[in-house]
Every structure is written in structure tokens, then in C-alpha cells.
Amino acid sequence: MHWADVAAKSLSHRGNTHVISTGITPSGEFHIGHLREILTGDMLARAARDAGLDVDFIFIVDSADPLRKVYSFLGPEFEQFIGHQIGAIPAPREGDNNPDWQRFNDDGWTYADHFLTPFMEALAEIGVRPRIIDNLSSYRDGKFAEMTKMACDSAEQIREIIERVSSRELASDWFPWSPLDSKQSLDGVKVTGYEYPLVHWIDSHGVEGSSDITKGEGKLPWRIDWPAKWSWIGVTCEAFGKDHGAAGGSYATGREISTLLGHQPPQPLTYEWISLRGKGAMSSSTGNTIGPIEALRLVPPQILRLLIANSKPNKAIDFDTGMGLVTLADEFERLCTRDFDSEINDENISRRQLVQVEDAKAALRLSMVEPGTIAKATSVSFRHLALLAQTKSSDDAIWQSLISSSAITEPTKQLEDRLARMRYWIESEHFPEEMRIQILSSPDEKALSLLDSDEKSALKELTAALRNCQWDAESIASAIPQSAKDNDMSPRSAYRAAYAALMGLERGPRLAPILAEMDKNAILKQLDSCCQLD
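None of these values were measured; they are calculated from a predicted model.

Asks: Just to check I follow, could you spell out the overall build of the protein for this structure?
Replies: Of regular secondary structure, the protein possesses 24 helices and 13 strands. For the protein, whose C-alpha radius of gyration is 30 Å, the value lies well above the compact-globule estimate of 24 Å for 534 residues. Taking the principal axes of the C-alpha coordinates as reference, the protein spans close to 95 × 60 × 45 Å. Taking all 534 residues of the protein together, the buried fraction comes to 51%. Taken as a whole, the protein presents about 24900 Å² of accessible surface, with 46% of it coming from carbon and sulfur. Charged side chains in the protein number 56 positive and 78 negative. The centres of these two groups are separated by 3 Å.

Asks: Even after reading the chapter, I still don't get the sheet that holds strand β6 (residues 198-202), so can you show me in this structure?
Replies: Hydrogen bonds between backbone atoms are what pair the strands of a sheet, whose relative direction is either parallel or antiparallel. Pairing in this open sheet of three strands is antiparallel, and the strands run β5-β6-β7 from one edge to the other. Of all strands in the sheet, those with a lone pairing partner are β5 (190-195) and β7 (208-212), marking the two edges. Neighbouring strand axes in the sheet, compared pairwise and without regard to direction, differ in orientation by 25 degrees on average. Across five bridges, the pairing between β6 and β7 is antiparallel. What sits directly across from V199, in β7, is S211.

Asks: Would you mind showing me how to read the packing of helix α21 (residues 473-485) against helix α22 (residues 491-502) here?
Replies: How two helices pack is summed up by the angle between their axes together with the distance between the axes. Here α21 crosses α22 at 120 degrees, and the two axes come no closer than 7 Å. For the element pair α21 / α22, the angle class is oblique. Crossing of α21 over α22 shows right-handed handedness. Within the contact between the two elements, α21 uses A477, I480, P481, S483, A484 and K485 and α22 uses P491, A494 and Y495. Of the residues contributing to the contact of α21 with α22, the split by class is seven nonpolar, one polar and one charged.

So, how was this worked out
Residues numbered from 1 in each chain as written. Predicted model: local features only at pLDDT ≥ 70, side-chain atom pairs only at ≥ 80, totals over all residues. Heavy atoms only, no water. Helix = DSSP H or I, 4+ residues; strand = E, 2+ residues; numbered from the N terminus. Rg over C-alpha atoms; globule rule 2.2 N^0.38 Å. Buried < 20%, exposed > 50% of the residue type's maximum accessible area, 1.4 Å probe, protein only. Areas by Shrake-Rupley, 256 points an atom, 1.4 Å probe, with all protein chains shown as cover. Lys, Arg positive; Asp, Glu negative; His and termini not counted. Charge placed at Lys NZ, Arg CZ, Asp CG, Glu CD. Pairing = 2+ DSSP bridges. Axes fitted to C-alpha atoms, helices over the stretch in contact; angles between N-to-C directions. Parallel < 35°, antiparallel > 145°, perpendicular 65-115°, else oblique. Left-handed = near helix turned anticlockwise from the far one by under 90°. Contact = heavy atoms within 4.5 Å. Nonpolar A, V, L, I, M, F, W, Y, C, P; charged D, E, K, R; others polar.

And the structure:
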């Protein structure tokens, strides 16, 4: 059974109506790592609905959180907003990345809006449409008021829970409410008293004041804010990163605080990180990211959904925008061609094989952008499409090649979309070098000078063999090594000569399928030019 179906079955034991929650602080550009949280929640919500449960899938925007520091992608003028809530400060301005006061004053465009909006657009393209809950608006609208009063009235009990579970001592002046100071910052504020609904304070500027907890003039600290959200929203399950799920972490304290606030803690679904291959864990603040919009320019949304659907949440994902993505895309194509029902009904299938087939079927189901959509194969692998996109001069030439080879009868919207993304991918830094094709139009004298006498002889024999062979991949693949064997030379000599003459390399991608898609006369002209240099 697929991990999402297992989690949904577990949820069913708690009742038929559920609120599945995810949430992120829009402190910087979103990346593929953030997709794991919301897609994990989305897939669980879909599986739960498929199981007959009534599900409200929500996405909480933690816009009440403060700006922690002036990140590398921000202008120096953001120094004044450290400690200020990101849903209440200007967005970075295009150009110098300093605060965009004009948009803030004219349209109310905030820092949180700036980073959240493109992420929500990407989510819509990938088929994720949760109910959005803005945390800052919720505080200001009084949604947290009841939970906040209970927390403030139970300050010592909450202190005991946090210190015992997390094994860390809180400051003597700690209080379960962080007021906004005289300059609207959450930093450097000391609570001096509490008389509902007011929390009294003195800030780092020596200014004294009072914060009304019913009007959101501040916020709960994270370890209390989280269970308070569970309580007033009614969350029954939440996906979150392994840091929150660690021993003594915020979920461990949140469970007990949630019970204190009168709400059953939600069922946890802890996930591992997504790392960029060779670069480590993704981070918005360090810039080690690839955003979901950028990723969607490379491959269709179903491929990114499969990335998450294919891996159990507790398994780390090493995201590779090169060959790993090609392999994943071709795996999606293979899944689309499988007859899962026939495989499942095979009387000779083992229990282990049955589990694998059921997991693959569910992963494909959850990879669809729209629930209930039937997957359709394109009959064209990503590898072959990449080859055609680099060897054909126009889209029409690509379609003609595929039609003549009987791969397709006509181009579909699905294929046209895939080709557009492929062309972007080829031009980007992410395209794998081992798949990059560049056939020379003039001799590379340096590469040719490295050939020994046998290889130079092999080049002439190879040219003659290709001139006389049928121009298809199978015939070319046979002609290259055979041209050397017929003259008592190693096939290696023919391949080295071919790569040097046609690509200026010692080795490269498989030549036969590449050459078969190119003009024969152009290839022979290049080989003749190389032979004449000897």
C-alpha cells in the first residue's frame, strides 16, 4: 500500500472529517524543498478523499513571523525591519532589492506577498489548490484570541512543558506572548505584566506600552503558536520537516500544549529534506535552491509530483536537475504504459511484487495534476525528445521525424508542451552535459591532431562506410565498428575518429541515433573535410 494510502487509513480511525494542514514562512524564494511539505499534504488529502473521508486541505502562510536578518538577496535598507512581521513590511524592489515603499503604500504589497505569490502560481500549475489561511490576518481578526488567553492564563504550566520536554531553560522573564514594540518589532521587548486582554511591556528604546492579545498586537512564540493553530482551526493531521519532529522538538512540546488548550494533537506526517545533488540541503536564505517555477520550465508538473509520490516521506530525496530528472521523466513515461490491473490480477505474482505494483499504480495516480485523470503516454522518451530538439532545426522537423518513425500519428498538446520545456531545459545550466549534442560544421584541428595513424585510417574507412550505408540508426550503429573490423582495426579506432571529427571529443553520447536524425550530406561533408586535413 502506498504511503499516502497508509496515512489515510490511519486517519480514518480518528473519524470521517479531517483538516490536513501544511504551512511555510515566506521569508525568501520558495524552492523544491518546500514542495515536499505541501505535496505530501496534498497527496495525503487526495488519498483520504479517495478513501471516502471528508477533507479540508489548508496551507498556512506564517506571515506573522519576523524578518530574522538582512538576507543576501535583500538591500541594506531592510536593516530597519529586522524583527518586524513579514506580512507588515514592504517587499524588495526590483533592481536594488531595497523596500518598495510605493507598492506597499499604493497596493499594500508586502514582503510576504512578494515571495508567496509566485509559489502559489506554481502550486496551481502543479495541481495543488489548498484553502489559504494567513497567519497575520488571523491574529488581527481575533482568531487566536481564545487560545492566546488560555496560554497567557496558563503561562507557568506551558513553561513547565517546554522546559521538561525540550530540556532547555526559559528566561526568567519569558511569557507566552511576544508583543509588538513602539516601532512594530517583536525583538527586544520585555513583558512587565498581564491583565487580560492586555500584556504590558517595555521595549529596547525604553518605551512602555500594552499589547491587546484580542487584536493581534503581537504573536505567540512558535512552540505555542503552532498548537494554537491546531486548536482554533481544528487540524487533525499535519506534514512537517524532521527538525520539528525530533525528540524535544516543537511537535513534542506542541502535543502537550495542544492538549492543555483542549485539542487532540494532530496525526504527524514527518518528512525528510530534499537536497540538490552535490550542493546539500536547499535553503532560501543561502540561495542554494531551484525554485518550483524554474523546475516547471524544465519538465511537466506530473514529473515533479512523481518525485514526491515515489518516495516515502521519511526518505531523503537527492534532487538532480540533470540526468536524475531525465531518468524520472522516462520512468513516468513507462508508468503510463503499464497495465496495472493485469499485473495485479496475475495469479503468479508474489506478495512482494504485488506491493511494488500497487505502490507504482498509486504513485502514478497521485502524480496527475487533476485528481481522477487517466495517465496517457506520449510514446516518446525524454532522451529521444532531447536528441531531436538538438538535431532538428524546427518543431515541424521533429514532428515529421516522429511521424515517419511511427512513434506518433500527429503532435499532441501534451507533446508540444513537453517540447517547449525541453528547449528551455537544453538552453539552461541544468541540462546534463552527457546529453548535450554539438555536431561540428568545420574540422577541429586540435582534436584531429590527437588521433594516431590507425585512427586516421579508420576515419577514411568510416567515411566510406557511412557514405554507402542506409541512413537509419541501426545501419549506422553497425557501419561504424564494421568499418574498422573490415580493415583489421579495433572498433575503438573508428569511434575515436568519429567523435574527433564530428564533435571534437574523445568520447560522447551514442552517435548512431544522433546521426540518423541529421542530414546525411552534411555529415559526410564534415567527414570529408576532416579526411582532407591528413
